[in-house]
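# Structural overview
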Amino acid sequence: MAQVDLINRDPQQMNNYIQVEFDDVLAEPNGTHSAECVWRNSHKCFTCGKNLCYKILTILTGIFVALGWGCTFACVSYGVIWCIAPCMRLLHVCLNPTKKILSIILSSFCGPIMSVQALIFSRIHVTNSTGEPPKPIDYMVGADSGKVKNFK
Amino acid sequence: MAQVDLINRDPQQMNNYIQVEFDDVLAEPNGTHSAECVWRNSHKCFTCGKNLCYKILTILTGIFVALGWGCTFACVSYGVIWCIAPCMRLLHVCLNPTKKILSIILSSFCGPIMSVQALIFSRIHVTNSTGEPPKPIDYMVGADSGKVKNFK
Amino acid sequence: MAQVDLINRDPQQMNNYIQVEFDDVLAEPNGTHSAECVWRNSHKCFTCGKNLCYKILTILTGIFVALGWGCTFACVSYGVIWCIAPCMRLLHVCLNPTKKILSIILSSFCGPIMSVQALIFSRIHVTNSTGEPPKPIDYMVGADSGKVKNFK
Amino acid sequence: MAQVDLINRDPQQMNNYIQVEFDDVLAEPNGTHSAECVWRNSHKCFTCGKNLCYKILTILTGIFVALGWGCTFACVSYGVIWCIAPCMRLLHVCLNPTKKILSIILSSFCGPIMSVQALIFSRIHVTNSTGEPPKPIDYMVGADSGKVKNFK
Amino acid sequence: MAQVDLINRDPQQMNNYIQVEFDDVLAEPNGTHSAECVWRNSHKCFTCGKNLCYKILTILTGIFVALGWGCTFACVSYGVIWCIAPCMRLLHVCLNPTKKILSIILSSFCGPIMSVQALIFSRIHVTNSTGEPPKPIDYMVGADSGKVKNFK
Amino acid sequence: MAQVDLINRDPQQMNNYIQVEFDDVLAEPNGTHSAECVWRNSHKCFTCGKNLCYKILTILTGIFVALGWGCTFACVSYGVIWCIAPCMRLLHVCLNPTKKILSIILSSFCGPIMSVQALIFSRIHVTNSTGEPPKPIDYMVGADSGKVKNFK
Amino acid sequence: MAQVDLINRDPQQMNNYIQVEFDDVLAEPNGTHSAECVWRNSHKCFTCGKNLCYKILTILTGIFVALGWGCTFACVSYGVIWCIAPCMRLLHVCLNPTKKILSIILSSFCGPIMSVQALIFSRIHVTNSTGEPPKPIDYMVGADSGKVKNFK
Amino acid sequence: MAQVDLINRDPQQMNNYIQVEFDDVLAEPNGTHSAECVWRNSHKCFTCGKNLCYKILTILTGIFVALGWGCTFACVSYGVIWCIAPCMRLLHVCLNPTKKILSIILSSFCGPIMSVQALIFSRIHVTNSTGEPPKPIDYMVGADSGKVKNFK
Amino acid sequence: MAQVDLINRDPQQMNNYIQVEFDDVLAEPNGTHSAECVWRNSHKCFTCGKNLCYKILTILTGIFVALGWGCTFACVSYGVIWCIAPCMRLLHVCLNPTKKILSIILSSFCGPIMSVQALIFSRIHVTNSTGEPPKPIDYMVGADSGKVKNFK
Amino acid sequence: MAQVDLINRDPQQMNNYIQVEFDDVLAEPNGTHSAECVWRNSHKCFTCGKNLCYKILTILTGIFVALGWGCTFACVSYGVIWCIAPCMRLLHVCLNPTKKILSIILSSFCGPIMSVQALIFSRIHVTNSTGEPPKPIDYMVGADSGKVKNFK
Amino acid sequence: MAQVDLINRDPQQMNNYIQVEFDDVLAEPNGTHSAECVWRNSHKCFTCGKNLCYKILTILTGIFVALGWGCTFACVSYGVIWCIAPCMRLLHVCLNPTKKILSIILSSFCGPIMSVQALIFSRIHVTNSTGEPPKPIDYMVGADSGKVKNFK
C-alpha cells in the first residue's frame, strides 16, 4: 500500500479553488487603511478560527467518511466492469447493421433529392474589381448610349 | 488459448475512467489541512474498504458472469454473420436501381428548375478599395456636379 | 471453382466489428483487481462458452443457409440484369427530351426574371482599411466642419 | 455485326454492383470461426446454387427477352428521332423571341428597381486590425476625455 | 444543294443519347454468366430486332415526315423574320425611354433612402489575433483590476 | 442609298437562331440508321419543301410588309426625337432638386439613427489558431484548476 | 450663336438607340433566303417610306416644337436658379443643427446599448487545420480513454 | 466688397445640371435626318426663345429676389450663431454624464449576459483539404471497417 | 483675460456651415445668363441686405445674450463638478461587485450550456478544388460503378 | 497628506468635457461678422459672468460638499471591503462545483446530440475557377451530348 | 503563521477599484476654477472625513468580522472536500457510460440522416473573375446570337 504524502495532500490540484488565505478574503486598497492593531488582530482571528473549525470537524468524522466512500466506489466499479461495459459492447455490435441499413435506404431515397437541390449553389459568379467604388447611378446612361456626355 | 495477462488486466484502456485512487477522491488544499493521524487513517480506511468489497463481489459472481457473456456473444455473432450481413448485401443490390431511377427523374424535372434559380447568384459584383472608409454622405453633391465646393 | 481460404475467412474485413475477444468485453483498471484465480477462470469460461455455442450453431444450420442465399442472389441477379437495367436505359432515353423541353421553357420564362433579380447583388462595395477601429462616434463633427476641435 | 465478347460480358461496368461472390456475402472474423468442413461445404453450396439457378433462368427466357428489348428500343428511337427532336427544335425557335421580349420588358421595369435597391450594399466598410482583442468596455471613458486614467 | 452524308448521319451529336447498343442494355458481371449460346443468341436477337423494326418504320413514313417538317419550319421562319423580329425592335425602341424615366424617378426618390440605410454596414470592425483561443471566462477579473491573481 | 447585300442578308446575326438546316432537325445516331434511299430522299424533301414555302410567302407579301415597317419606324422616331427626349431632359432637371432635398432631410433624421445602429458590428473579434481542432470538452477542468490531471 | 452641325446631328449620342436601318429590322439567316428581287425591293420600300414620312412630319411641326421647348427650359431655369437653389441652401443650414442634436441624443442613449450588444461577437474562435476531414464519429471513444483501440 | 465675376457666374458648379443647350434637348441619329432648313431654323428658334424668356424674367424680378434672400440668411445666421449653437453645447455637456451612467449600468447588468452568450461561437473548427470533392457517400462503409472493398 | 481675436472669430470652425456668400446662393450656368446690370445689382443687394440685418440684430441683443450664456454655463459646471461626477464615481464602485456576482452566476449556469451548444460548429469540413465546376449531374453514374461510359 | 495642486486641478482629465471658453460657445463665420465693439463686449460679459457665478457658488458650499463625499466614500469602502468582497469569494467557492456538475451532465446528454448534428456541415465542397463567368444557360445542351453545336 | 504585511494590504489587487482619492472624486477643468482657499480646504475636509470614518468603523467591528469569516470558510471547505468532491467523482464515473450509449444510438440513427442532408452543400461552385463589373444587362443579346451589334 503506497504511503500517503502528508505535506502535499492535493497532488492533482483537484480542490485548489477552495484555498482561501486571509489576503484572499480581506484586502484594503491604498488610502483606505484601518489602524495597524486592528489589521494585525483581524489576521490572527481569521487564521486561527478557520484552522480550529476545520480540524475539529475532520477529527470527528474524517475516517468514517473515507471508509464509506471506499465501499461505494468498489460497488460502482464492480457494476460498471462486469455488467455495463459488456452491455455497451453488445449494443455496439447490434446497432452497427442498423446504421448501415439506414444509410443504404437514405442514400437511395434522399441522396438524389439533396444532390439536385445542391444545384442552386452551382452557378455563383463573383467579379472582384479593385479600386473605385461604383459611381452614383446616373440612370440617364442606358445600355446603348456609348457616351454619357449628353445629359450632363 | 492465449494466456491471460494477470498484471495489466485492461490492455485496451477500456475502463480506465473507473480507476479511482484515494487522491482522486479526497484532497486537501494548502492551508486547510486536517490532523496528520486523521489523514493517514482516512487513507487506509478508503483503500482497504474498496479492495475488500470488490474482491468479495468478484469471487462470488465473476466466473458465472463471464460464462454468460461468452454464450451471448456467440449467438449474436451467428445471427449477424449468417443472416443480417447477407440481408444487407441483398438490400444494397435491390435499392441501387431505385436510387438511379430516382436520380433520372429528379434530374429531369427538378434539375432545370434548380439551375434556373441558381441564376440569382450569377451577377455578384464586389469592388474592394483599400484605404479610407466611405466619407459621411454629403447629399448636396449629386450625380452631375463636378465639384463639391459649392455648399461648403 | 476457387479454393476457399480456411485461415482468413473475412478477406474483405466485412464483419470485423463483431470480433469480440475476452479483453474486448471484460477489463479491470489498475487498483481494482479481483483475485487471480477468479480472473483466470473468467477468461477460460468466456472463451470456451463462446466457441462452443458458435460451432454448434454453424454445424447445425450453416450449409443450408449458404445454399439458400446462393439461390436468392441468382434470382435477384437475373431480375436486375434482364429487366431492371434495360428499363432504366429506356427511362433515361425517354426523360431526356423532357428535361430539355423543360429547360427551354424555364430558360425562356424564368431565366430573365432571375437575371434581373440578380442585379441586387451587383453593386456591393467594400472598403477595407487596416489599423485602428472606427473611433467612438463624436456626432458633433458633421459633414461640413473641416476641423473637429470645436466641441472637444 | 460485331462479335460478342464472351469473356468480359459487361464491358462498361454497368452492372458490377450485382457481382456477389461467396466472400461478399458470408464472412467470419477472427476468433469466431466455425468448423472447417462446415465452412468448406457452405462455400460449395452457395456457389453451385447460385450458378445453377441463374443458368436455368437465362436458358429459359434470355433470348426472347433480348428480342423484345430490341424492338422496343427501335420504336423509341424512331419516335425520338423523327418527332420529338424536331419538335424541340421548333419550340426552341418559337420561345426565343418570347425570352427576348420578356427580357426587354423586365429590363425596363424591374431593372431600375433592382439597381436602386442594390445601393444598400454599397457602403460596407470593414476595418481590420491585427493583434489584441477589443478590451473589456470601460464605459467611464467617453468620447471626449483625452485620458482614460481618471476612474481607474 | 449540299450532298447528304450517309455515314455520319448525326454530325452535330444531337441525338447521341439514343444510341443504344447491345452492351448498353444487357450486361452480366463476372461470376453471373449465363450459358455461352444463350448470350450469343441474345446478342443476335437484340440487334436484328432493333434494326428491322427501325428500318420498316422509316421506310413507311420517313419521307413524308421530312417534307412536313420542311414546310413547318418555312412558315415559322417567315413569321419570325418578317413580323416578330421587327416588333421586338419596335418594342426595344419604345421601352427604352420608359426605362430611363423610371430610372430618374427611382434615383430621385429611392436612391437617398437606400443610401442612408446603407450606413448600417459602415462601421464593421474586425480584430484578428492569431494564436490561443480566448481563455475560459474568469468573470472575477473585471475591467479595473490590474492583476487577476486574487481569486485564483 | 446603300446597295443591299444579296449574299449575307443578316450582317448582324440578328436572326441566326432560326437557321435550321436538315441536320439541325433530323439526325440518326450510329447503330440506328434507316435505309440509304430513305435518308437521301428525306433530305431532299425537307430542303425543297422548306425553300418553296418560304419563297412563295415572301413573294406574295414581302414588299408591302417592308414598306409598312418603314413608315412605322419613321413615326416612332419622330415622336421620340421631338417629344419624349426633351421631356426626359425636363424631368431630369426638375427631379434633381427633389433628390437633393430628400437627401438633406434623410441625412439629418435617419443618418444618425443608422450610424448608431451600426455600432453593433463594431466589436467583432476573431481568433484564428492553426492546428488541432478544439479537444472534446472535459468539463471537469474548470476555470481555476491549474492542472487537468485530477479526474482523468 | 454657335453654328449648327448639319452632318452629325447627335453629337452626344443621346438618341442613337432609335437608329434603325433596314438590316436592323429585317434579316434572313443563311438557308432561308427569299428571291433576290423581293429582297432588293423590300430594301427600297423600307428606306424610302421611312425617310419620306419623317421628313414630312418635321417640316410641318419641327420649328414650332423647338421654339416651345426653348421657352419652357427658360422658365424652368429661372425657377430653379432664383428660387429652389437658395431654398435648398437654407434647408441645409437649418437642418444641420437638427442632425447634430439628434446625434448627441442617440449617442447618449442608444450608443451604450448597441456597444454592449456588440459583445456577442467578441469571442469568436476559429481553428483551421489543413488536411484530413474530421473522421466519422466513433462515439465509443470518449473524453477520458487514452486509446481508441478497445472497441474496434 | 469683392467684385462679381460676370463671365463665370457659377464658380462652384452648383447649378450646372440646368445647363441645356440645343443638342442636349434635340438630336437626330444617323439615318433619321430631317430637311436641312428645318434643322437650322429649329436651332435658331430654340436658342432665341430660351434666351429671351430668361432675360425678361430676370430683369423684372432678379434684384428684389436677391435682396430678400440676403435678409433671410442674415436672420437665420443670427439665430444659429447666438442661440442654437450654445444650446447644442449645453446639451452636449448635460447628456455626457447620462451616457456614462447608462454605460456603467449596462456594462454591469448586460455585459456578462452578452459575454456568456458569445461562448456559442467559441469552438468553431474548420478543416480545409484541397483536392478532390468528398466522394459520393457509400454508406456500406461504416466507422469500424478498415477496408471498403467488400461491397464494391 | 485672453484678448479676443477680432479677425478670425470662429477659431474652431464650429459654425462654418452657415457661411453663405452670394455665389453660394445664386449661380447661373453657362448659356443661361441674365443681363449684366441685373447680375451686378443682385450681387450688391444680397450682400448689403445680409450684412445690414445681421449687424442691427447683434448690436441690439448680442451683449446680453453672451452674459446670459456665461451664467448658465457656470451653474451647469458647478452641478456637474461637485455633484454628478462624484455620484458617477460612487455608482461605479457600487455596481462593480454586482457585475462580478452576475458574472459568477452566469458563468456557472449558462457557461456550460453555451459551450455544449458550440459543438454544433465543431465539425465543419470544406474541400476546395480549383478548376472545373462540378459537372452536370449524370445520375446514371452511381456510387459503385467504376466507369461512367455505359450510358453515354 | 499630499499637497493639493492648485494649478492643474483635474490631473486625470476627468471633467474636461465641461471646459467651455467663449469661443466654444459663440463663433461667427467669415462674412457674418457683427460690429467690433459688440463682439469685444460679448466676450467680456460671457467670461466675467461665468467666473463670478462659479466662484460664489463654490465659496458658499464647496467645503461642506467635500466633507460629505469623504464620509460617504468611507462608509462604502468599509461595506465593500469587509462584507461584499468575502461574500463574493464564498459565492465563487460554492458555485464552482455547480458549474462542474452541470458540465458533466450536459456533456453526457447534450454533447452527443450536438456532435451528431454537426455532421450537417461536414461535406461542404467548393470549387473555385478563375476566369469567365458561367455562360448563359443553353439548356439544349444536356448531360450526354458531347458537342453543343447542334442547336446553335 | 505568516506575518501580515502592514504596508501593502491588498497584495492581490483585489479591491483596488475602491481606491478613491480626492482627485478621483472632485476635479475642476481649466477655466472653471474656484477660489484657492476653497479648493485647499475642500481637499482637507474630504481626506480627513474619509479617514476618520473608516478607522472608527474598523476599530469597532473589524476583528469580530474577520473571526466570523474564518469559521465560515472552514465549514465550507469541510463540506466541499469531504462530500461534494467525491460525489462529483462518482457522478463522472456513472454518467460516462450513459454518454457512450447515447453516442452509439445517435450515431446509428441520426448520423446517416445528417450525412445525407449534408449533401446540399456539396456542389457549391464559385467563379471569380477579376476586372470589370458585369455589364448592364442587354437582354436583346440571347444565348445564340454570336454578335451583339444588331440592336445597338
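In this text, all values refer to a predicted model and were calculated from it rather than measured experimentally. (Residues numbered from 1 in each chain as written. Chains lettered and ligands numbered in written order. Predicted model: local features only at pLDDT ≥ 70, side-chain atom pairs only at ≥ 80, totals over all residues. Heavy atoms only, no water.)

Attention now goes to the overall build of chain A. The helix and strand inventory of chain A stands at three helices and one strand. The linear arrangement of helices and strands in chain A, starting from the amino end, is α-α-α-β. Split into buried and exposed, the 152 residues of chain A put 55% on the buried side. Of the roughly 6200 Å² of accessible surface on chain A, a fraction of 66% belongs to carbon and sulfur atoms. (Helix = DSSP H or I, 4+ residues; strand = E, 2+ residues; numbered from the N terminus. Buried < 20%, exposed > 50% of the residue type's maximum accessible area, 1.4 Å probe, protein only. Areas by Shrake-Rupley, 256 points an atom, 1.4 Å probe, with all protein chains shown as cover.)

Let us now look at the sheet that holds strand S1 (residues 124-130) of chain B. Ordered by their spatial adjacency, eleven strands build a closed barrel running S1(A)-S1(B)-S1(C)-S1(D)-S1(E)-S1(F)-S1(G)-S1(H)-S1(I)-S1(J)-S1(K), and the pairing between neighbours is parallel. With strand direction ignored, the average angle separating the axes of adjacent strands in the sheet is 25°. When strand S1 (residues 124-130) of chain J meets strand S1 (residues 124-130) of chain K, the two strands line up parallel, connected through five bridges. In the sheet register, Ser129 of chain J faces S1 of chain K, and the bridge partner there is Thr127 of chain K. (Pairing = 2+ DSSP bridges. Axes fitted to C-alpha atoms, helices over the stretch in contact; angles between N-to-C directions.)

This part is about the interface of chain I and chain J. Taken residue by residue, the interface counts 74 residues in chain I and 69 residues in chain J. Taking both partners together, chain I and chain J bury about 6700 Å²; carbon and sulfur atoms supply 71% of that area. One can count one salt bridge joining chain I with chain J. Put simply, Arg9 of chain I and Glu28 of chain J hold a salt bridge, and the shortest N to O gap is 2.9 Å. Breaking the side of chain I that touches chain J down by element, the ones donating at least two residues are helix H2 (36-109), helix H3 (111-117) and strand S1 (124-130) of chain I. For the side of chain I that touches chain J, the element with the most residues is H2 of chain I, which contributes 37 residues. Partitioned by chemical class, the residues of the side of chain I that touches chain J number 45 nonpolar, 19 polar and ten charged. (Contact = heavy atoms within 4.5 Å. Buried area = accessible area lost by both parts, 1.4 Å probe. Salt bridge = Lys/Arg side-chain N within 4 Å of Asp/Glu carboxyl O. Nonpolar A, V, L, I, M, F, W, Y, C, P; charged D, E, K, R; others polar.)

All names here are of chain A. The pLDDT averaged across chain A works out to 80; a share of 84% of its residues lies at or above 70. Element-level mean pLDDT values for chain A span from 79 in strand S1 (residues 124-130) up to 90 in helix H2 (residues 36-109). In the predicted structure, residues 136-152 sits below a pLDDT of 50 and forms 41 contacts with residues beyond four places in sequence or in another chain. For this predicted complex, the interface score ipTM comes out at 0.70, alongside a pTM of 0.75. (pLDDT = per-residue confidence, 0-100.)

Our focus in this paragraph is the environment of Ser103 of chain H. Residues and elements named next belong to chain H. When you line up the elements, Ser103 lands in helix H2 (residues 36-109). For Ser103, a relative accessible area of 3% translates into the label buried. Each C-alpha atom, one on Ser103 and one on Trp69, is 46 Å from the other, the two residues being 34 residues apart in sequence. Of note is the side chain of Ser103, whose polar atom sits 2.8 Å from the backbone oxygen of Lys99. (Polar contact = N/O pair within 3.5 Å; in protein donor to acceptor, adjacent residues only side chain to side chain.)

All right, on to the packing of helix H2 (residues 36-109) of chain E against helix H2 (residues 36-109) of chain F then. Running from N to C, H2 of chain E and H2 of chain F point in directions that differ by 5°, and their axes come no closer than 6 Å. Judged by the inter-axis angle, H2 of chain E sits roughly parallel to H2 of chain F. In the contact of H2 of chain E with H2 of chain F, the residues fall into 39 nonpolar, 15 polar and four charged. (Parallel < 35°, antiparallel > 145°, perpendicular 65-115°, else oblique.)

Let's shift gears to a nonpolar patch on the surface. Judged by side-chain polarity, Ile101, Ile105 and Phe109 of chain C together with Ile84 of chain D come together as a nonpolar surface patch covering roughly 270 Å² of accessible area. In terms of residue count, helix H2 (residues 36-109) of chain C provides more of the nonpolar patch than any other element does, three residues in total. Relative to the helices and strands, Ile105 of chain C is located in helix H2. (Patch = residues over 30% accessible without salt bridge, like charges linked within 9 Å, V, L, I, M, F, W, Y side chains within 5 Å.)

So, about the pattern of salt bridges. Residues and elements named next belong to chain E. Within the structure shown, the criterion is met by 22 salt bridges over all chains. Of the charged contacts in the structure, one is a salt bridge between Arg40 and Glu36, with a shortest N-O distance of 3.5 Å. Here Glu36 and Arg40 lie together in helix H2, a separation of four residues that amounts to about one turn. Overall, Arg40 belongs to the partly exposed group, its relative accessible area being 30%.

A separate point is the packing of aromatic side chains. Scanning the entire structure with this criterion turns up 62 aromatic pairs over all chains. With centroids separated by 5.9 Å and ring planes inclined at 80°, the aromatic side chains of Trp39 of chain A and Trp82 of chain J adopt a geometry described as edge-to-face. Here Trp39 of chain A is found in helix H2, whereas its partner Trp82 of chain J is found in helix H2 (residues 36-109) on a different chain. The buried category is assigned to Trp39 of chain A, whose relative accessible area is 1%. On the basis of relative accessible area, Trp82 of chain J is assigned to the buried category, the value being 2%. Put simply, the rings of Phe121 of chain A, Phe121 of chain B, Phe121 of chain C, Phe121 of chain D, Phe121 of chain E, Phe121 of chain F, Phe121 of chain G, Phe121 of chain H, Phe121 of chain I, Phe121 of chain J together with Phe121 of chain K pair up and form one aromatic cluster. (Phe/Tyr/Trp six-rings, centres within 6.5 Å; stacked < 30°, edge-to-face > 60°.)

Taking 1.5 Å of rise per residue, 74 residues should cover 110 Å, yet H2 of chain I covers just 82 Å from first to last C-alpha, more than 12% shy of that figure. A bend of about 55° at Thr61 of chain I is the largest found in H2 of chain I. (Expected span 1.5 Å × (residues − 1). Bend = angle between axes of the 7 residues up to and from the residue.)

Formed by 242 residues in total, the largest nonpolar core has its most connected members in Trp82 of chain B, Trp82 of chain D together with Trp82 of chain E. Not counting chain neighbours up to four residues away, the residues in contact with Trp82 of chain E comprise Tyr54, Thr58, Gly62, Val65, Ala66 and Trp69 of chain F together with Leu26, Glu28, Trp39 and Ser42 of chain G. Counting 22 residues, the second largest nonpolar core, distinct from the first, contains Ile124 and Val126 of chain E, Ile124 of chain J together with Val126 of chain K. (Core = buried A, V, L, I, M, F, W, Y, C linked by side-chain atoms within 4.5 Å.)

Moving on to the UniProt feature "transmembrane region" (unreviewed entry) in chain A. Residue and element names in this part refer to chain A. UniProt's entry tags residues 56-81 and 101-121 with the feature "transmembrane region" (unreviewed entry), counted in the numbering of this structure. The span residues 56-81 is 100% helix and 0% strand, and its two end C-alpha atoms sit 38 Å from each other. Secondary structure content for residues 101-121 is 76% helix and 0% strand, while the C-alpha to C-alpha distance between its ends is 30 Å. (UniProt positions renumbered as here; feature names shortened; annotations may be inferred.)

Residues and elements named next belong to chain D. With phi around 45°, Gln13 is a residue other than glycine that occupies positive phi space. Counting through the fold element by element, Gln13 comes out in the segment before helix H1 (22-25). The partly exposed category is assigned to Gln13, whose relative accessible area is 23%.

Tallying each qualifying case throughout the model produces zero disulfides over all chains. Cys87 of chain C takes part in no disulfide bond, and the closest cysteine sulfur, belonging to Cys83 of chain C, lies 4.6 Å away. Overall, the relative accessible area of 37% leaves Cys87 of chain C in the partly exposed class. This cysteine, Cys45 of chain J, is not joined by any disulfide, and Cys48 of chain J carries the nearest cysteine sulfur, 7.2 Å off. (Disulfide = S-S within 2.5 Å.)

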